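Survey of secondary and tertiary structure
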Amino acid sequence: MITTLVSIATDTIPLDGAWYEPDGARAAQAALLFHGNTMNFYTGAPRFLPPALVELGLACLAFNRRGHDILAIRDSRAAEGGAFQTYGEAIEDNRIAARWAVERGFPHPVIVGHSNGGMLAVRHVAEHPETPALVLLSAHCGGRNMLPLASKAGLLAKDRLDAITTQARALVEAGKGRELLLLPGWWYVASAESFLDLTDCPDILELAPRIGCPVLYLRGDKEPRDLYPAEEFKRRCAGECTVHIVPDCDHFYAGRHDAVIDIVSSFLRHLC
């Protein structure tokens, strides 16, 4: 496997990532890997899946959206990262990464997304119906219910959703949308405008009827079904959707990487 660090230009912050290719042969197909919220291209599925996908003949682009990690800096003390992300920006980042793959001769890459990246993967594939396959790894439901469901599950605002929403609205109305708010649950900090943007999250169940390619939707058995609605997505999906519930498995697949690799590899082996 050949690994090359890449930097893909946007109109602001570049998308850093890794491009994985088979050693000694040109890949027949490519895959784009969309990371989860506050994660990046070198943690989680975008890190542990590429070696297995390259063995199948896929070149893989694992890349950071501009909303990567929680907070970061680059070549100055100006902050960037997931605390400032918006869905509009994230959707555009995925389009930019897809265009980068097209420029390298892969016009219709397989799409693989974990968590928030899975929700964004559904949005992306709805816009790109020629996508040959979609792999959803614990894709959250998205939509207007996502924020209250996640908070109820102990994430984001927890039991302070109304108070934090009021605080965020006041900051945005005062022209202080980039001011950071502390959140009692993961991911612990977000700008006021980014927090309010969570209510504009794409809804994967509404998008499901637009997904006609083969889909694998994987969820750990320790994850709440309403927040990661694999079965309902399958029911609404226009194309064939295979659901796998991985036993003894949390949202980050801790200790279960091999099981996830086997499931994903088996699914893609018959399609790529």
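As the structure is a prediction and not an experimental result, all values here were calculated from the model. (Residues numbered from 1 in each chain as written. Predicted model: local features only at pLDDT ≥ 70, side-chain atom pairs only at ≥ 80, totals over all residues. Heavy atoms only, no water.)

**Focus: the side chain of Asp 93**
On the secondary structure map, Asp 93 appears in helix α3 (residues 87-103). Note on Asp 93: relative accessible area 0%, which makes it buried. Excluding residues that lie within four positions of it along the chain, Asp 93 makes contacts with Thr 10, Leu 15, Phe 63, Arg 65 and Arg 66. (Helix = DSSP H or I, 4+ residues; strand = E, 2+ residues; numbered from the N terminus. Buried < 20%, exposed > 50% of the residue type's maximum accessible area, 1.4 Å probe, protein only. Contact = heavy atoms within 4.5 Å.)

**Considering the sheet that holds strand β1 (residues 2-8)**
With mixed pairing, the 8 strands of this open sheet are ordered in space as β1-β2-β4-β3-β5-β6-β9-β10. With one partner strand each, in any of the chains shown, β1 and β10 (241-246) form the two edges of the open sheet. The sheet shows a mean angle of 15° between the axes of neighbouring strands, direction not considered. Across 7 bridges, β1 lies against strand β2 (residues 15-21) in antiparallel orientation. Considered in β2, the bridge of Ile 8 is made with Leu 15. Helix-sheet contacts for helix α4 (residues 116-127) involve β3 (29-34), β5 (110-114) and β6 (134-137), and the interaxial angle to β5 is about 150°. (Pairing = 2+ DSSP bridges. Axes fitted to C-alpha atoms, helices over the stretch in contact; angles between N-to-C directions.)

**Focus: the environment of His 35**
Along the chain, His 35 falls in the loop between β3 and α1 (45-48). For His 35 and Ala 79, which are 44 residues apart along the polypeptide, the C-alpha to C-alpha distance reads 20 Å. Residues within four places of His 35 in sequence aside, it is in contact with Asn 40, Phe 41, Pro 46, Phe 63, Asn 64, Arg 65, Gly 67, His 68, His 114, Asn 116 and Gly 117. In this structure the side chain of His 35 is engaged in a polar contact, spanning 3.5 Å, whose partner is the backbone oxygen of Met 39. (Polar contact = N/O pair within 3.5 Å; in protein donor to acceptor, adjacent residues only side chain to side chain.)

**With respect to the packing of aromatic side chains**
Under the definition given, this model contains 6 aromatic pairs. Ring pairing ties together the aromatic residues Trp 19, Trp 100 and Phe 106, which thus form one cluster. The aromatic ring of Trp 100 is capped on one face by Arg 104, whose charged end is 3.8 Å from the ring centroid. (Phe/Tyr/Trp six-rings, centres within 6.5 Å; stacked < 30°, edge-to-face > 60°. Lys NZ or Arg CZ within 6 Å of the ring centre and 35° of its normal.)

**Considerations on the nonpolar core**
With 62 residues, the main nonpolar core has Leu 61, Leu 134, Leu 136, Phe 195, Ile 211, Tyr 217 and Phe 233 as its most contacted residues. It is α3 that provides the largest number of residues to this core, a total of 8 residues. Filtering out sequence-adjacent residues up to four positions away, Leu 61 remains in contact with Val 6, Ile 8, Ala 18, Trp 19, Ala 31, Leu 32, Leu 33, Ala 97 and Trp 100. By size, the runner-up hydrophobic cluster in this structure holds 31 residues, among which are Leu 58, Ala 62, Cys 249 and Phe 267. (Core = buried A, V, L, I, M, F, W, Y, C linked by side-chain atoms within 4.5 Å.)

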